[in-house]
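A closer look at the structure
Single-letter residue listing:
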Amino acid sequence: MLLKAAIAGVLIYFILQQVNFSEIVEIIARADVSKLLLGVGCWFVLCLLGAVRWYWLANAAAVSISFTRSLKLVFIGFFFNNVMFGSTGGDVMRAYLVTKDMQENRWRAVLSVIVDRVIGLFALLTIASFVLLSFSSTSPEQFASIPGLYAMRRFVVGFVVIFVCCVLLYMSARARRFLHIKSLMSKLPGQELIAKIHDALSLYRTRYLTTIKAFLISVPLQLAGISAFYFIATAIGSSLVLRDQAIIFPLVQTASAVPIAPAGWGIGEQLYGWFFERFGDTLAIGVAASVLFRLITQIGFGLIGGLVWVTSSDRRTH
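Residues numbered from 1 in each chain as written. Predicted model: local features only at pLDDT ≥ 70, side-chain atom pairs only at ≥ 80, totals over all residues. Heavy atoms only, no water.

**Topic: the overall build of the protein chain**
For the protein chain, the helix and strand inventory stands at 16 helices and zero strands. Of the contacts made within the protein chain by residues no fewer than 6 positions apart, 74% connect residues no fewer than 24 positions apart. (Helix = DSSP H or I, 4+ residues; strand = E, 2+ residues; numbered from the N terminus. Contact = heavy atoms within 4.5 Å.)

Right, dumping it as structure tokens:
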């Protein structure tokens, strides 16, 4: 815990060398409350849709879980994001809590959490890729004026294409036979682990309609997340439009998932500040937007998750 706090502290210290702390406080203090409430509402929609998605994926993997329990664990996940590495720390806790009393299908339960996260990130980057492609075709001069945007487009679109190809390859038994995938996999270490993962993932291959539904609900889910950040940034005076945030938010949130600091603190501030400057806003607004966004979605919703955790049977049997 001390190491995590130290890493976040160093990252935040570095960003504060580039922007005045009192300026950040002043920017946040003059926030438009009505727009902040819109942001909170959008994030709550994200939570509800996230609970629905995991409820579908868990039950498709033969893991019996109710929507109510799914929603509770989503909020508990926000709480643990604040004390574990990255913005995926809550996923680890979700996986633990949903499997701790299970005698069978434990791997399926864990994989349901991983698949839930992967589908969410894929949907987020898919939205970003469509926005980048649309931006570059409809406003080529403005697109070219933003430093590094061409490289971002290549990375995001390339990732989405490669991911789709890998999924299609896994779904097609004929393609796997043609490429001798089974023979190649048999040479890897950890065959027992690979077999368990394959067994769990195979359920989604046979229940592909559930996987498609999970992706489709992820689109409005992630649009709600992008809108939440847009309203929070607009509340403190950001001039960036929703299209800009549909590019910035997916990239920063994906990077924040890397397990370096609790809830991505420090990383987000660096990246949002960097992106805001390149899109024509100020470093201070970008950092302030990131701080306020995390205070609301991670700390605020984390406190709700903490209350759920304290009063839940999961804690009493932990």
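**Observations concerning the packing of aromatic side chains**
How two aromatic rings sit relative to each other is set out by the distance from centre to centre and by the angle between their planes. One pass over the structure, following the stated rule, counts 20 aromatic pairs. With a centroid separation of 5.0 Å and 80° between ring planes, the pair formed by F79 and F80 is classed as edge-to-face. With relative accessibility at 27%, the residue F79 sits in the partly exposed group. Ring geometry for F229 and F249: centres 5.8 Å apart, planes at 40°, overall tilted. Residue F229 is located in helix 12 (residues 208-235), and its partner F249 is located in helix 13 (residues 242-256); the two are separated by 20 residues in the primary sequence. Classification of F229 by relative accessible area gives buried; the value is 0%. Members of the aromatic cluster, connected to one another through ring pairs, are W43, F75, F78, F229, F249, Y272, F276, F293 and F301. Note that R94 overlies the ring of W54, its terminal NZ or CZ placed 4.7 Å from the centroid. Directly above the aromatic system of W56 lies the positively charged group of K213, at a separation of 4.3 Å from the ring centroid. (Phe/Tyr/Trp six-rings, centres within 6.5 Å; stacked < 30°, edge-to-face > 60°. Buried < 20%, exposed > 50% of the residue type's maximum accessible area, 1.4 Å probe, protein only. Lys NZ or Arg CZ within 6 Å of the ring centre and 35° of its normal.)

**Considerations on the packing of helix 13 against helix 14 (residues 267-278)**
Contact pair helix 13 / helix 14: the axes reach a minimum separation of 10 Å and the direction vectors enclose 155°. On the basis of their axis angle, the class for helix 13 and helix 14 is roughly antiparallel. As for the relative orientation of helix 13 and helix 14, their crossing is right-handed in sense. Here Q245, I248, F249, L251, V252, Q253, A255 and S256 of helix 13 lie close against helix 14, whose contacting residues are I267, G268, L271, Y272, F275 and F276. A class-by-class count of the residues in the contact of helix 13 with helix 14 yields ten nonpolar, four polar and no charged. (Axes fitted to C-alpha atoms, helices over the stretch in contact; angles between N-to-C directions. Parallel < 35°, antiparallel > 145°, perpendicular 65-115°, else oblique. Left-handed = near helix turned anticlockwise from the far one by under 90°. Nonpolar A, V, L, I, M, F, W, Y, C, P; charged D, E, K, R; others polar.)

**Some points on the nonpolar core**
In terms of nonpolar packing, the biggest core is built from 62 residues, with W43, L149 and F276 touching the most fellow members. Here this core gets eleven residues from one element, more than from any other, and that element is helix 15 (residues 283-311). Look past the residues within four positions of F276 in its chain and what remains in contact with it is F229, A233, S238, L240, Q245, I248, D281, T282, I285, G286 and A289. In terms of nonpolar packing, the next biggest core, distinct from the first, is built from 22 residues, V63, I65, A95 and Y204 among them. (Core = buried A, V, L, I, M, F, W, Y, C linked by side-chain atoms within 4.5 Å.)

**Brief notes about the side chain of T234**
Its place among the elements puts T234 in helix 12. Taking relative accessible area as the criterion, T234 reaches 17% and is therefore assigned buried.

**Some remarks on the state of the cysteines**
If you walk through the whole model with that rule in mind, you get zero disulfides. The thiol of C165 is unpaired, and the distance to the nearest cysteine sulfur, on C166, comes to 7.0 Å. (Disulfide = S-S within 2.5 Å.)

**Focus on the pattern of salt bridges**
Taken as a whole and judged by the stated rule, the model has four salt bridges. Among the salt bridges present, the one from D116 reaches R53, with a minimum N-O distance of 2.7 Å. With D116 in helix 6 (residues 106-138) and R53 in helix 3 (residues 33-60), this residue pair connects regions lying 63 residues apart in the sequence. For the pair shown, D116 and R53 are each scored as buried. (Salt bridge = Lys/Arg side-chain N within 4 Å of Asp/Glu carboxyl O.)

**Description of helix 8 (residues 149-171)**
For helix 8, built from 23 residues, the straight-helix expectation of 33 Å at 1.5 Å per residue is met to within 8% by its first-to-last C-alpha distance of 33 Å. The set of residues buried in helix 8 consists of L149, M152, V156 and V160. The elements touched by buried residues of helix 8 are helix 6, helix 7 (140-145), helix 13 and helix 14. (Expected span 1.5 Å × (residues − 1).)

**What about a nonpolar patch on the surface?**
Together, V167, M171, Y208, L209, I212 and L216 make up an exposed nonpolar region whose accessible area comes to about 560 Å². Of all elements in the fold, only helix 8 and helix 12 reach the threshold of two or more residues within the nonpolar patch. Residue contributions to the nonpolar patch peak at four residues, all from helix 12. Within the secondary structure layout, L216 lies in helix 12. (Patch = residues over 30% accessible without salt bridge, like charges linked within 9 Å, V, L, I, M, F, W, Y side chains within 5 Å. Areas by Shrake-Rupley, 256 points an atom, 1.4 Å probe, with all protein chains shown as cover.)

**Considerations on the packing of helix 4 (residues 67-81) against helix 15**
At a closest axis distance of 7 Å, the pairing of helix 4 and helix 15 adopts a crossing angle of 120°. Regarding the angle of helix 4 to helix 15, the classification is oblique. Between helix 4 and helix 15 lies a crossing of left-handed hand. Contacts from K72, F75, I76, F78, F79, F80 and N81 in helix 4 reach T297, Q298, F301, G302, I304, G305, G306, V308 and W309 in helix 15. The class makeup of the residues in the contact of helix 4 with helix 15 is nine nonpolar, six polar and one charged.

**A closer look at the side chain of D116**
Note on D116: relative accessible area 3%, which makes it buried. For D116, the residues in contact, after removing those within four places along its chain, are G50, R53, W54, L57 and R94.

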